[in-house]
Amino acid sequence: MSKFKVLIADYTYSTLEPEKKVLETADAEVITAQCRTEEDVIEAAHGVDGIICQYAPISKKVIDQLATCKIVARYGVGFDTIDVPAATEKGIMVTNVTDYSLDEVSNHAFALLMACARKVVQLNESVQNGRWDSKVAKPIYRLHGQTLGLIGFGNIPQRLALKAKAFGLEILAYDPFVSNDLAKELGVKLVDLQQLCALSDYISVHPPLNKHTKGMVSDEQFRAMKESAYIINTSRGAVIDEPALIRALEANEIAGAGLDVLETEPMAKDNPLLSMPNVIITPHSAYYSVESELELKQKTAQNVADALSGKEPAYLVNKDVVHA
């Protein structure tokens, strides 16, 4: 009989063998569920030593019912589905994995930028509909010399900046937590949010979702943007005020958008964004490659294995738990 019990509260993967293999090293048995509600998690998590979750809600209500749990480990970078203060108060570690898909997400953001810039989707659909005419994409502007604005300047947008510079883009960034020295080292100019919106031809959104960033790109920001500007989002849908984005697109305040994330996922079939030819939407897939998925699964499980073995996990979010 195993020493520990770990609940994988929800998952979308075809196999959990990588996680099980890692957790075996900590003498931990895996149980699985597909929790959608707080009540689902409370029922499934009775008596567990650790929880791995993807989208399942780990709220204060859930955390208050966790009598033996030492760690909640989320698949992914974001942890907005977990009440971190409540977990910290209860002495439960919270972990994520910050570096498993740096290339994938930065590549996807740039792919959306390029698809918007070169109007790849519109041209492809035109050809498929029997029209062989490059004029349907007019106007297209030369990418070299244009400006990319990065909202947030963490690991992923830093990678994106390096890739975009190779295409001749000038880079601006807004991030109150980043030093001028780091920005200068990467050839990026730090500006405030309104300046970034006013000066950028492409804007790529990267902050984590929290109470400070929810809806941070809204009507005021869209009004400041160029009519020729495109906005790209591979972070969290709610960082952009979606009704404001729809208003800006309908009023031609901006030229278009490339979105991998929406406020509600899957998106509603009557969402106006679906019928806009200048909007490209992918289904929250920026993180994915065969390699990144395996890395995510192994590192998430290793966070749990470390915590159960008395070690500090490599990707600990609430370090106050350990150092209290």
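Rules of the game
- Residues numbered from 1 in each chain as written.
- Predicted model: local features only at pLDDT ≥ 70, side-chain atom pairs only at ≥ 80, totals over all residues.
- Heavy atoms only, no water.
- Helix = DSSP H or I, 4+ residues; strand = E, 2+ residues; numbered from the N terminus.
- Rg over C-alpha atoms; globule rule 2.2 N^0.38 Å.
- Buried < 20%, exposed > 50% of the residue type's maximum accessible area, 1.4 Å probe, protein only.
- Contact = heavy atoms within 4.5 Å.
- Areas by Shrake-Rupley, 256 points an atom, 1.4 Å probe, with all protein chains shown as cover.
- Lys, Arg positive; Asp, Glu negative; His and termini not counted.
- Charge placed at Lys NZ, Arg CZ, Asp CG, Glu CD.
- Pairing = 2+ DSSP bridges.
- Axes fitted to C-alpha atoms, helices over the stretch in contact; angles between N-to-C directions.
- Salt bridge = Lys/Arg side-chain N within 4 Å of Asp/Glu carboxyl O.
- Core = buried A, V, L, I, M, F, W, Y, C linked by side-chain atoms within 4.5 Å.
- Phe/Tyr/Trp six-rings, centres within 6.5 Å; stacked < 30°, edge-to-face > 60°.
- Domains from an automatic or database assignment.
- Buried area = accessible area lost by both parts, 1.4 Å probe.
- Polar contact = N/O pair within 3.5 Å; in protein donor to acceptor, adjacent residues only side chain to side chain.
- Nonpolar A, V, L, I, M, F, W, Y, C, P; charged D, E, K, R; others polar.
- UniProt positions renumbered as here; feature names shortened; annotations may be inferred.

**Observations regarding the overall build of the protein chain**
Part 1 of the argument: When you go through the protein chain residue by residue, the secondary structure sums to 13 helices and 12 strands.
Part 2 of the argument: Computed over the C-alpha atoms, the radius of gyration of the protein chain is 22 Å, within 12% of the 20 Å expected from 2.2 N^0.38 for a compact globule of 324 residues.
Part 3 of the argument: For the protein chain, the spread of C-alpha atoms along the principal axes amounts to about 70 × 50 × 30 Å.
Part 4 of the argument: Across the 324 residues in the protein chain, those meeting the buried criterion constitute 51%.
Part 5 of the argument: Contacts in the protein chain between residues far apart in sequence, at least 24 positions, make up 62% of those at least 6 positions apart.
Part 6 of the argument: Per element, the accessible surface of the protein chain, about 16000 Å² overall, is 51% carbon and sulfur.
Part 7 of the argument: Looking at the protein chain, you have 32 positive and 43 negative side-chain charges, and the mean spots of the two groups are 4 Å apart.

**Quick word on the sheet that holds strand S1 (residues 4-8)**
Part 1 of the argument: Here we have five strands laid out as an open sheet, ordered S2-S1-S3-S4-S5, and parallel in their pairing. Taken across any chain shown, the strands that pair with only one partner, and hence form the sheet edges, are strand S2 (28-32) and strand S5 (93-95). Direction aside, the axes of adjacent strands within the sheet are offset by 20° on average.
Part 2 of the argument: Pairing of S1 with strand S3 (residues 50-53), which is carried by three bridges, proceeds in the parallel orientation. In the strand pairing of S3, Leu7 is matched with Ile51.
Part 3 of the argument: Seen against the sheet, helix H1 (residues 17-24) touches S1, S2 and S3 and runs at an angle of roughly 150° to S2.
Part 4 of the argument: Lying over the sheet, helix H12 (residues 290-308) contacts S1, S2, S3, strand S4 (71-74) and S5, oriented at roughly 165° with respect to S4.

**Some thoughts on the pattern of salt bridges**
Part 1 of the argument: Enumeration over the complete set of coordinates arrives at 15 salt bridges.
Part 2 of the argument: We note a salt bridge from Asp133 to Lys135, for which the minimum N-O separation is 3.3 Å.
Part 3 of the argument: Taking the relative accessible area as the measure of exposure, Lys135 reaches 51% and is therefore exposed.
Part 4 of the argument: The shortest N-O distance in the salt bridge between Arg247 and Asp219 comes to 2.8 Å. Residue Arg247 is located in helix H11 (residues 242-250), and its partner Asp219 is located in helix H10 (residues 219-224); the two are separated by 28 residues in the primary sequence.
Part 5 of the argument: With a relative accessible area of 40%, Arg247 lands in the partly exposed category.
Part 6 of the argument: Residue Asp219 is classed as partly exposed on the basis of its relative accessible area, which comes to 24%.
Part 7 of the argument: Among the charged side chains, a network of salt bridges with common partners joins Asp99, Glu295 and Lys299.

**Describing the nonpolar core**
Part 1 of the argument: With 29 residues, the main nonpolar core has Phe222, Met225, Ile231, Leu245 and Leu273 as its most contacted residues.
Part 2 of the argument: Only helix H9 (193-199), strand S9 (202-205), H11 and strand S11 (256-259) provide two or more residues apiece to this core.
Part 3 of the argument: A per-element tally of this core places H11 first, with five residues.
Part 4 of the argument: Leaving out residues up to four positions away in the same chain, Leu245 has contacts with Phe222, Ile231, Ile240, Ile254, Ala257, Leu259 and Leu273.

**Overview of the packing of aromatic side chains**
Part 1 of the argument: Within this structure, the stated rule accounts for four aromatic pairs.
Part 2 of the argument: With centroids separated by 5.0 Å and ring planes inclined at 75°, the aromatic side chains of Tyr13 and Tyr75 adopt a geometry described as edge-to-face. Of this pair, Tyr13 sits in the loop between S1 and H1 while Tyr75 sits in the loop between S4 and helix H4 (84-89), and the two are 62 residues apart along the sequence. The same class applies to Tyr13 and to Tyr75, which are both buried.
Part 3 of the argument: When the ring of Tyr287 is compared with that of Tyr288, the centres are 6.2 Å apart and the planes differ by 80°; the resulting orientation is edge-to-face.
Part 4 of the argument: For Tyr287, a relative accessible area of 22% gives the class partly exposed.

**Section: the domain arrangement of the protein chain**
Part 1 of the argument: Partitioning the protein chain into domains gives domain 1 (4-100 + 289-322) and domain 2 (102-281).
Part 2 of the argument: Contact with domain 1, which involves eight residues of that partner, is made by four residues of domain 2.
Part 3 of the argument: In this assembly, domain 1 packs against domain 2 so that about 510 Å² is buried in total across both faces, 44% of it on carbon and sulfur atoms.
Part 4 of the argument: On the domain 1 side of the interface with domain 2, the three residues burying the most area are Asp80, Thr98 and Asp99, jointly 54% of the side's total.
Part 5 of the argument: Linking domain 1 with domain 2 are one salt bridge, by the criterion used here.
Part 6 of the argument: The shortest N-O distance in the salt bridge between Asp80 and Arg236 comes to 3.3 Å.
Part 7 of the argument: Scanning the region where domain 1 abuts domain 2 turns up two residue pairs in polar contact (both at pLDDT 80 or more).
Part 8 of the argument: Here the side of domain 1 that touches domain 2 is composed, by residue class, of one nonpolar, four polar and three charged.

**What about the UniProt feature "domain: D-isomer specific 2-hydroxyacid dehydrogenase catalytic" (unreviewed entry) in the protein chain?**
Part 1 of the argument: Per the UniProt record, the feature "domain: D-isomer specific 2-hydroxyacid dehydrogenase catalytic" (unreviewed entry) sits at residues 17-318.
Part 2 of the argument: Within residues 17-318, the helical portion is 36% and the strand portion 14%, while the C-alpha atoms at the span's ends are 28 Å from each other.

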